[in-house]
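Listed here are the chains, written in short residue letters.
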Amino acid sequence: MSDLVRCGVSIERNLLEEFDTFLEEKSYSNRSEAIRDLIRKNIAVRQWEEGGDAAGGIVLVYDHEKRELSETLVDIQHHCLDIVVSNLHVHLSEHHCLEVIVVKGGVEKIEKLANELQSQKGVYHCAVARVATG
Ligand code: NI
């Protein structure tokens, strides 16, 4: 069971109104959960900025018809077995594939892998979802 602590926060009225609008847009039912998520998000960002170990997902959209691209993307991942955890492939359309590569390990290695995948001709989008390991 988590050790839940209550704490009060002073905040300008207009900032709180903006925050409540944000909560509504994001479908939060209360402020506490939204604040906890924002704190976790900042911890994850710090974890990534400081290096060390982290986890995340590399999301790619690429040209299914580009010769040998699929094989190249798989080859690149085979050289990073220490950080590639899992892989999800979706045939988006007749021409496009979407791939989510779940990664865990050194931030530098993860960023290097994402850059290498993104730089391949025929890869249209590459986004890295950065989350904390804890
Ligand atoms: Ni496909």
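An account of the accompanying structure is given in this report.

**Examining a nonpolar patch on the surface**
Phase 1: Together, Val 9, Ile 11 and Leu 15 make up an exposed nonpolar region whose accessible area comes to about 270 Å².
Phase 2: Mapped onto the fold, Ile 11 is located in the segment before helix H1 (13–25).
Phase 3: Relative accessible area serves as the criterion here: at 38%, Ile 11 is assigned to the partly exposed category.

**What to know about the packing of aromatic side chains**
Phase 1: Summed over the entire model, instances satisfying the criterion amount to 2 aromatic pairs.
Phase 2: By way of ring pairs, the aromatic residues Phe 19, Phe 22 and Tyr 28 are connected into one cluster.
Phase 3: Between the NZ or CZ atom of Arg 130 and the centre of the ring of Trp 48, over which it lies, the distance is 5.4 Å.

**Observations regarding the nonpolar core**
As a rule of thumb, nonpolar side chains are buried together in soluble globular proteins.
Phase 1: Among the nonpolar cores identified, the biggest contains 22 residues, and Ile 58, Leu 60, Tyr 62, Leu 73, Ile 101, Leu 113 and Leu 117 are the most heavily contacted of them.
Phase 2: When residues of this core are traced back to their parent elements, those giving at least two are strand E1 (53–63), helix H3 (69–78), strand E3 (96–106), helix H4 (107–118) and strand E4 (123–131).
Phase 3: Broken down by element, the residue count for this core peaks at 5 residues, all from H4.
Phase 4: When sequence neighbours within four positions are dropped, the list of residues in contact with Leu 60 reads Leu 73, Cys 97, Leu 98, Glu 99, Ile 101, Leu 117, Val 123, His 125 and Cys 126.

**A word on the pattern of salt bridges**
Phase 1: Applying the stated rule across the entire model yields 8 salt bridges.
Phase 2: As a salt-bridge pair, Arg 46 and Glu 50 come within 3.9 Å of each other at their nearest N and O atoms. With Arg 46 and Glu 50 both in helix H2 (residues 31–50) and 4 residues apart, the pair spans about one turn of that helix.
Phase 3: Between Lys 109 and Asp 82 there is a salt bridge, with its nearest N and O atoms 2.4 Å apart.

**Quick notes on the coordination of the nickel ion**
Phase 1: His 89 (NE2), His 91 (ND1) and Cys 97 (SG) make up the full set of protein donors to the nickel ion, lying at 2.1 to 2.4 Å.
Phase 2: Spacing between the donor residues of the nickel ion along the chain follows H-x1-H-x5-C.
Phase 3: In this structure Cys 97 comes out as buried when scored by relative accessible area, which is 2%.

**Some remarks on the side chain of Glu 99**
Phase 1: Looking at where Glu 99 falls in the secondary structure, it is placed in strand E3.
Phase 2: In this structure the side chain of Glu 99 is engaged in a polar contact, spanning 3.0 Å, whose partner is the side chain of Tyr 62.
Phase 3: In this structure the side chain of Glu 99 is engaged in a polar contact, spanning 3.3 Å, whose partner is the side chain of Asn 87.
Phase 4: With near-sequence residues (within four places) excluded, Glu 99 lies in contact with Ile 58, Val 59, Leu 60, Tyr 62, Gln 77, Asn 87, Leu 88 and His 89.

**With respect to the packing of H1 against H2**
Phase 1: With their axes 11 Å apart at the nearest point, H1 and H2 run at an angle of 90 degrees to one another. Here H2 runs roughly perpendicular to H1, going by the angle between their axes. Along the contact surface, H1 presents Leu 16, Phe 19, Asp 20, Phe 22 and Leu 23, while H2 presents Arg 31, Ala 34, Ile 35 and Leu 38.
Phase 2: Class assignment of the residues belonging to the contact of H1 with H2 gives a composition of 7 nonpolar, no polar and 2 charged.

**What to know about the environment of Val 9**
Phase 1: Counting through the fold element by element, Val 9 comes out in the segment before H1.
Phase 2: Judged by relative accessible area, Val 9 falls into the exposed class, the value being 65%.
Phase 3: For the pair Val 9 and Gly 56, spaced 47 residues apart in sequence, the C-alpha separation works out to 31 Å.

Rules and cut-offs
- Residues numbered from 1 in each chain as written.
- Predicted model: local features only at pLDDT ≥ 70, side-chain atom pairs only at ≥ 80, totals over all residues.
- Heavy atoms only, no water.
- Patch = residues over 30% accessible without salt bridge, like charges linked within 9 Å, V, L, I, M, F, W, Y side chains within 5 Å.
- Areas by Shrake-Rupley, 256 points an atom, 1.4 Å probe, with all protein chains shown as cover.
- Salt bridge = Lys/Arg side-chain N within 4 Å of Asp/Glu carboxyl O.
- Helix = DSSP H or I, 4+ residues; strand = E, 2+ residues; numbered from the N terminus.
- Buried < 20%, exposed > 50% of the residue type's maximum accessible area, 1.4 Å probe, protein only.
- Phe/Tyr/Trp six-rings, centres within 6.5 Å; stacked < 30°, edge-to-face > 60°.
- Lys NZ or Arg CZ within 6 Å of the ring centre and 35° of its normal.
- Core = buried A, V, L, I, M, F, W, Y, C linked by side-chain atoms within 4.5 Å.
- Contact = heavy atoms within 4.5 Å.
- Donors = N, O, S within 2.8 Å, 3.2 Å for Na, K, Ca; no water.
- Polar contact = N/O pair within 3.5 Å; in protein donor to acceptor, adjacent residues only side chain to side chain.
- Axes fitted to C-alpha atoms, helices over the stretch in contact; angles between N-to-C directions.
- Parallel < 35°, antiparallel > 145°, perpendicular 65-115°, else oblique.
- Nonpolar A, V, L, I, M, F, W, Y, C, P; charged D, E, K, R; others polar.

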